[in-house]
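Survey of secondary and tertiary structure
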Amino acid sequence: MALKRKDLLTIRELESDEIHLILDTADSMKEIASRDIKKVPALRGKTLINLFYEPSTRTRTSFEIAGKWLSADVINISTTVSSVTKGESLLDTGKTLQAMRPDVVVIRHPVPGAPKILADRLQASIINAGDGAHEHPTQALLDLLTIRERLGRLKGLTVAIVGDISHSRVARSGIQAMRKVGMDVRVAGPPTLLPRHPEELGAQVTTDVEAAIADADVIMMLRIQRERQGPTLLPSLREYSRLFGLTVERVKKAREGVLIMHPGPLNRGVEIAPEVADGPYSLILDQVTNGVAIRMALLYLLTGGHAATN
Amino acid sequence: MRLLITGGRVIDPASGVDATLDILVEDGQILQVDKRVQGSGSGGPGKNKKPAGRDGQTEIRVIDATGKIVVPGLIDMHVHLREPGREDEETIASGTAAAARGGFTSICCMPNTDPVNDTASVTEYILEQAKKVGRVNVFPIGCISRGHHGEQLADIGDLAAAGCVGLSDDGKPVMNAELMRRAMEYATMFDITVIPHCEDLTLSEGGVMHEGRVSTKLGLKGIPSAAEAVMVGRDILLSEYTGARLHVCHVSTTESICLIREARARGVQVSGEATPHHLILTDEAVRGFSTNTKMNPPLRSAEDVTALREALIDGTIEIIATDHAPHASFEKEMEYDYAPFGIIGLETALGLILTEFYHTRLLALPMIIERLTTNPARILKLKHKGTLVPGADADITILDPDQEWIVEENDWQSKSKNSPFIGWKLKGRAVMTIVAGQVVWETS
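Parameters at a glance
Residues numbered from 1 in each chain as written. Chains lettered and ligands numbered in written order. Predicted model: local features only at pLDDT ≥ 70, side-chain atom pairs only at ≥ 80, totals over all residues. Heavy atoms only, no water. Helix = DSSP H or I, 4+ residues; strand = E, 2+ residues; numbered from the N terminus. Rg over C-alpha atoms; globule rule 2.2 N^0.38 Å. Buried < 20%, exposed > 50% of the residue type's maximum accessible area, 1.4 Å probe, protein only. Contact = heavy atoms within 4.5 Å. Areas by Shrake-Rupley, 256 points an atom, 1.4 Å probe, with all protein chains shown as cover. Buried area = accessible area lost by both parts, 1.4 Å probe. Salt bridge = Lys/Arg side-chain N within 4 Å of Asp/Glu carboxyl O. Polar contact = N/O pair within 3.5 Å; in protein donor to acceptor, adjacent residues only side chain to side chain. Domains from an automatic or database assignment. Phe/Tyr/Trp six-rings, centres within 6.5 Å; stacked < 30°, edge-to-face > 60°. Lys NZ or Arg CZ within 6 Å of the ring centre and 35° of its normal. Pairing = 2+ DSSP bridges. Axes fitted to C-alpha atoms, helices over the stretch in contact; angles between N-to-C directions. Left-handed = near helix turned anticlockwise from the far one by under 90°. Expected span 1.5 Å × (residues − 1). Arc of directions from axis to C-beta. 1 Å grid on protein atoms, 1.4 Å probe; cavity = no way out; pocket = protein on both sides within 12 Å on 5 of 7 lines; lining within 4 Å. Points joined across faces, edges and corners; volume = space filled by probe spheres on them. Nonpolar A, V, L, I, M, F, W, Y, C, P; charged D, E, K, R; others polar. pLDDT = per-residue confidence, 0-100. Right-handed = clockwise from strand over helix to strand, strands pointing away.

**Some thoughts on the overall build of chain A**
- Along chain A, the regular secondary structure elements total 11 helices and 9 strands.
- For 310 residues, the compact-globule formula gives about 19 Å, and the C-alpha radius of gyration of chain A, at 19 Å, lands near that figure.
- Each principal axis of the C-alpha atoms in chain A carries an extent, and together these give about 55 × 55 × 35 Å.
- Looking at the 310 residues of chain A, the share that counts as buried comes to 59%.
- Expressed as a percentage of contacts within chain A between residues at least 6 apart in sequence, the contacts between residues at least 24 apart total 74%.
- Accessible area of chain A: about 12,900 Å², with a carbon and sulfur share of 51%.

Have a look at this one:
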């Protein structure tokens, strides 16, 4: 079975069987990571360009490692959009890159929909590595992989997502992905950090963090993104932490053994207590490990690879 | 040169006329409107451009309008002509050509050019240029504030004397309520209408689309409907307090409509306009991230569109205006956040309104024509415009309400093509546009 699409721009466009195909392929990719020599020739002769318009450590590194383990040639282009009037337009950059015949372009960009501008015009496969507050599909997929790996299933589980839903591409992709595989999702955050119609996202909505995490199988804490938030949205990080932070006490009120996730980077002591982040039920580092596997799977599938049938 | 338009259904809402009549035009004015104007039989049925000989003094062109609708030339009181400053996007020549094609014989140009129209010399330049190269009448709107910076009054008296017919800082709302109050007070001295773009910039800051269900899904920053309504409310109160006439640009939200309706009921001199795109498209159109769906105010929710349609039908909103806003392709072919706001509208407005309101039986033709002619002429106090009574200027539009056509990507009189309606099949269009007795547009 192959992934019959050129690009991966959103979770919205994916069917649930495609999601399962990607997860199953990622499972088999994980074996490569455990080898002494972490290299297979699947993407030999293919070129992967990481085009990052926002600072990123883990996502960019994750794509780079994924490409290299599959033997692709990997080029990283990092740029910050200081001014629109300065420099080249995204479209022109895209055309220039296309002229160098890349096979895959991974793009991260602060504006929702920006990856689509490339996808509509380039022959290369485009992977969205996060477009503004819109989507971050590879994050959603690696989160599903991490949950499935630990709990053995996805369907019927309940996830609580806590924090800044409004500015979060992780939430937007995550909720859709979880709904598509039969999970229930609750979101919690202050009204100033919820979008205008949060119910549209397909989750139950509350401003009570303890109601959201009660009985949940997984708690996913979102980062307070200080760089995206103006001064009018929150009175202080201290008050936010008191109202929504995941403390040891709050975890104790949740289900025994509830799994803790966070897309990173962490604001320790703000949205998550250090003891919780480093605790026995934290999957935060598993998420990072699985990120490489998911990205290997996508690179493989989008460049024409087929999932092993067994 | 005389014109005789025969056999058409003449609709003139100002005089209440709706009948099959002939119209005789001489020296740029309407001379006679009657069942059978003398000489109308000589041409007989047949093609246009049939010369009917001489009646002793001047040549007469007979235009057979049988099966067509003859209306006062349409008036668009909200157009951006981009000249001076951005002649790559539009000029007075190209913008008025677009107007002529769309059936508009008079357009008002907004002052946010470069330089802005905040002094008489800019107004005079526009009017001179329009006289030289314009195909239709151009009526400038002057700035409320100097430099449209919202800090100090522009020389409103000079602007009015030079020919400005309204005042607006369109695109840069006057945030200072005291300045708006004084602008309104001052405007009453010249009996000139204040035409604000109502938007509270602190509420809309950073927003690129309507804040609602779709923005929730797309992660684009929203512009709440309250950003408009808060300012509509403020300006209504200031209009009431100062006695100034207020015309609200491109009304887009349910709340604004309620405020205008209530204010009109208690006698405030407030009117409002709606654009074809706000009457027809919803924020659902943004889903594909096409920047031709980005305008300000943004495309609103389906509920807002329903309310706006009701307001247009019941007369709360009494004017249709396009907010024709040309932008260069290279500027629109950007990430959604970075693309400029605005779409062109002159060449599609009539077709869209006929398709969506006349052919769906939501509005009768006389009601549509009133909102495109009589009403803007009245609000702007344009003399001899917006009517077909004898003595009026011979600005006349002939419509074929049933002609079907497709909005083609590369078929524009405008220099820009930033329209979300490309590819749409429309029913109805202007087949001839006449300004001061001269044919300035006719379909082949």
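**Quick notes on the interface of chain B and chain A**
- With 17 residues of chain B in contact, the opposing surface of chain A contributes 23 residues.
- Of the roughly 1,800 Å² buried between chain B and chain A, counting both surfaces, carbon and sulfur atoms make up 63%.
- When the buried area of chain B at its contact with chain A is split by residue, T216, K217 and E335 of chain B rank highest and sum to 33% of it.
- On inspection of chain B and its partner chain A, the count reaches 1 salt bridge.
- Residue E200 of chain A is joined to R213 of chain B by a salt bridge in which the shortest nitrogen-to-oxygen separation is 3.4 Å.
- At the junction of chain B and chain A, the tally comes to 5 residue pairs in polar contact (both at pLDDT 80 or more).

**A word on the domain arrangement of chain B**
All names here are of chain B.
- The assigned domain composition of chain B is domain 1 (2–70 + 393–442) and domain 2 (73–380).
- Each side of the interface is counted separately: domain 1 has 37 residues, and domain 2 has 50 residues.
- Across the domain 1/domain 2 interface, buried area totals approximately 3,400 Å², and carbon plus sulfur atoms make up 63% of it.
- Per-residue buried area on domain 1 facing domain 2 is highest for K415, N418 and F421; these three make up 19% of the total on that side.

**Digging into the packing of aromatic side chains**
All names here are of chain B.
- Going through the model one piece at a time under the given rule, you end up with 3 aromatic pairs over all chains.
- With centroids separated by 4.8 Å and ring planes inclined at 85°, the aromatic side chains of F421 and W424 adopt a geometry described as edge-to-face.
- Note on W424: relative accessible area 28%, which makes it partly exposed.
- The lysine or arginine in question, R429, covers the ring of W405, its NZ or CZ lying 4.4 Å from the ring centre.

**Points about the sheet that holds strand 5 (residues 158–162) of chain A**
Residue and element names in this part refer to chain A.
- Spatial ordering of the open sheet is given by 7-6-5-8-9, a layout of 5 strands whose pairing is parallel. Only two strands of the sheet have a single neighbouring strand rather than two, namely strand 7 (204–206) and strand 9 (259–261). For this sheet, the mean angle separating the axes of adjacent strands, direction not counted, is 20°.
- Where strand 6 (residues 184–188) and strand 7 come together, 3 bridges link them in parallel fashion. Among the inter-strand pairings, V187 is bridged to a residue of strand 7, identified as V205.
- Helix 5 (residues 137–151) contacts strand 5, strand 8 (218–221) and strand 9 of the sheet and is inclined by roughly 160° relative to strand 9.

**With respect to the side chain of S241 of chain A**
All names here are of chain A.
- Mapping S241 onto the fold places it in helix 8 (residues 237–244).
- The class for S241 is buried, based on a relative accessible area of 17%.
- Looking at S241, its side chain comes within polar contact range of the main-chain oxygen of V270, at 3.1 Å.

**Comments concerning the packing of helix 2 (residues 92–102) of chain B against helix 3 (residues 120–133) of chain B**
Residue and element names in this part refer to chain B.
- Put simply, helix 2 and helix 3 touch, their axes get as near as 9 Å, and they point 60° apart. When you trace helix 2 past helix 3, the crossing you get is right-handed. Residue-level inspection shows I92, A93 and T96 of helix 2 in contact with helix 3, the latter providing I126, Q129, A130 and V133.

**Re the side chain of S168 of chain B**
Residue and element names in this part refer to chain B.
- The topology assignment puts S168 in the loop between strand 10 (166–167) and helix 5 (177–188).
- Within polar-contact distance, the side chain of S168 engages the backbone nitrogen of D170 at 3.0 Å.
- In this structure S168 touches M110, P111, I141, G142, C143, I144, I195, P196 and H197, once residues within four positions along its chain are discounted.

**A word on helix 5 of chain B**
All names here are of chain B.
- Relative to the 16 Å expected for 12 residues at 1.5 Å per residue, helix 5 spans 17 Å between its end C-alpha atoms, a close match to the ideal helical length.
- Among all positions of helix 5, only L179, M180, A183, M184 and A187 are buried. An end-on view of helix 5 places all buried positions within 135° of arc, on one side of the element.
- Contacts made by the buried residues of helix 5 are with strand 10, strand 11 (193–194), helix 8 (225–242) and strand 14 (246–248).
- Between the side-chain oxygen of the N-cap and the backbone nitrogen of E178 there are 2.9 Å, and the N-cap of helix 5 in question is N176.

**Considerations on the layout of surface pockets**
All names here are of chain B.
- The calculated volume of the second largest pocket comes to roughly 680 Å³.
- Looking at the second largest pocket, it is lined by 32 residues, and the ones nearest its centre are R82, N112, H327, P340 and F341.
- Its residues assigned to classes, the lining of the second largest pocket comprises 11 nonpolar, 12 polar and 9 charged.

**Overview of the environment of I213 of chain A**
Residue and element names in this part refer to chain A.
- With respect to the helices and strands, the residue I213 is situated in helix 7 (residues 209–213).
- On the basis of relative accessible area, I213 is assigned to the buried category, the value being 1%.
- If sequence neighbours within four positions are ignored, I213 has contacts with A160, V162, R186, I219, L246, R250 and A254.

**Overview of the confidence of the model for chain B**
Residues and elements named next belong to chain B.
- Summary statistics for chain B give a mean pLDDT of 95 and a share of 95% for residues scoring 70 or more.
- Across residues 40–54, confidence stays below pLDDT 50; counting only partners more than four residues off in sequence or on other chains, it has 24 contacts.
- Across the assembled chains, the prediction reports ipTM 0.93 with pTM 0.93.

**Digging into the sheet that holds strand 3 (residues 104–109) of chain A**
Residues and elements named next belong to chain A.
- Spatial ordering of the open sheet is given by 2-1-3-4, a layout of 4 strands whose pairing is parallel. A strand with exactly one partner marks an edge of an open sheet, and here the two such strands are strand 2 (73–78) and strand 4 (125–131). Averaged over neighbouring strand pairs, the angle between their axes works out to 15° when direction is ignored.
- Sheet topology note: the strand 1 (residues 47–52)/strand 3 ladder contains 5 bridges and is parallel. Residue pairing in the sheet places L48 in a bridge with V104 of strand 3.
- Taken strand by strand, helix 11 (residues 284–302) contacts strand 1, strand 3 and strand 4, and its axis lies near 150° from that of strand 4.

**Here's the deal with the environment of V170 of chain A**
Residues and elements named next belong to chain A.
- Assignment of secondary structure puts V170 in helix 6 (residues 169–180).
- Overall, the relative accessible area of 10% leaves V170 in the buried class.
- Between the C-alpha atom of V170 and that of V40, which follows or precedes it by 130 residues, the distance is 30 Å.
- Those residues in contact with V170, other than ones at most four positions away along the chain, are H136, Q139, D143, M220, L222 and P263.

**Details of the pairing of strand 9 (residues 137–142) of chain B**
Residues and elements named next belong to chain B.
- Burial of strand 9 is extensive: 6 of the 6 residues sit out of reach of the surface.
- A two-sided burial pattern is seen for strand 9, the buried positions comprising N137, F139 and I141 on one face and V138, P140 and G142 on the other.
- Looking at chain direction, strand 9 and strand 10 are connected through 2 bridges and run parallel. Directly across from I141, in strand 10, lies its bridge partner G166.
- Each parallel crossover has a hand, and the one from strand 9 via helix 4 (residues 156–162) to strand 10 is right-handed.

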